[in-house]
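Here's the letter readout for the chains.
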Amino acid sequence: MPPQTERQIRKIEQKQKLLVEAARKLFSTKGYAGTTIDDIVNEADMAKVTFYAYFKSKEEIALRIRTVCTEECLEYTDTLLAKNLTPAQMIEAVIADIAEWTEQNWRLLDVFCAQRFSPLLERSSVTECRPEPMVICLSAIIRRGQEAGEYRKDIDDMKVAHLLDLAILCEQYYWMQSGRSDRQSLETKLKECFDFALNGILDRSSIASRN
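Residues numbered from 1 in each chain as written. Predicted model: local features only at pLDDT ≥ 70, side-chain atom pairs only at ≥ 80, totals over all residues. Heavy atoms only, no water.

1. Examining the packing of helix α1 (residues 6-30) against helix α2 (residues 37-44)
Part 1 of the reasoning: Contact pair α1 / α2: the axes reach a minimum separation of 8 Å and the direction vectors enclose 120 degrees. In terms of axis orientation, α1 runs oblique to α2. Relative to α2, the crossing made by α1 is right-handed. Residue-level inspection shows Leu-18, Leu-19, Ala-22, Ala-23, Lys-25, Leu-26, Phe-27 and Lys-30 of α1 in contact with α2, the latter providing Asp-39, Ile-40, Val-41, Glu-43 and Ala-44.
Part 2 of the reasoning: Looking at the contact of α1 with α2, its residues break down into nine nonpolar, no polar and four charged. (Axes fitted to C-alpha atoms, helices over the stretch in contact; angles between N-to-C directions. Helix = DSSP H or I, 4+ residues; strand = E, 2+ residues; numbered from the N terminus. Parallel < 35°, antiparallel > 145°, perpendicular 65-115°, else oblique. Left-handed = near helix turned anticlockwise from the far one by under 90°. Contact = heavy atoms within 4.5 Å. Nonpolar A, V, L, I, M, F, W, Y, C, P; charged D, E, K, R; others polar.)

2. Quick notes on α2
Part 1 of the reasoning: Among the residues of α2, those classed as buried are Ile-37, Ile-40, Val-41 and Ala-44. Summarising the axial view, the buried residues of α2 lie within an arc of 90 degrees, below the 170-degree limit, and thus occupy one face.
Part 2 of the reasoning: Contact partners of the buried residues in α2: α1, α3 (48-54) and α4 (58-82).
Part 3 of the reasoning: Where α2 ends, the next residue or the one after it, Asp-45, has phi of about 60 degrees, a positive value. (Buried < 20%, exposed > 50% of the residue type's maximum accessible area, 1.4 Å probe, protein only. Arc of directions from axis to C-beta.)

3. Details of the state of the cysteines
Part 1 of the reasoning: By the definition in use, this model includes zero disulfides.
Part 2 of the reasoning: Lacking any disulfide linkage, Cys-73 is separated from the closest cysteine sulfur, that of Cys-137, by 5.7 Å.
Part 3 of the reasoning: With no disulfide partner, Cys-170 has as its closest neighbouring cysteine sulfur the one in Cys-193, 8.2 Å distant. (Disulfide = S-S within 2.5 Å.)

So, to be careful, I would describe these as geometric facts and stop short of saying anything about function.
Here it is in structure tokens:
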């Protein structure tokens, strides 16, 4: 079979992109369970056989969507770091952006939660553990705070970032499952997560009064 030309490769990539964009739109509006492969190909204006030329199942295209979102998150982190903000300003921006994304993509979040935690039930199938993109973003913020002398340098930035990432995900999921109230309520809970992760559980006023 002759090798594919650059034009053919671009055509394949474009078709895959259109299918992924169609699936992402439908998952965000109708939910994962409410979307069929027929829905996706109709939205992308393609034949069903074209879908199966690139993806084996709805699950596989959902994984591709998560990969795309991962790439977007890493690009977001690079952009955030390039702005040369203070750690506090970075946290404020991240909280607002997480809340906005969650409000707009809560159905997609449900899909990602299932993808993220299902492998934990099948540890034998997990060959490697890669940091979540949000963990990488949070770790970068913590390191900047350490470099600026604002955060303790004797803590492991990745461990704190992992714990904070899980706390954020729990708040996102709870907000989604409890009726999706206003975005401000989610931002408030996210601020509490950051405050707890970065300030700990010590009652400093109590310590000061004892001294």
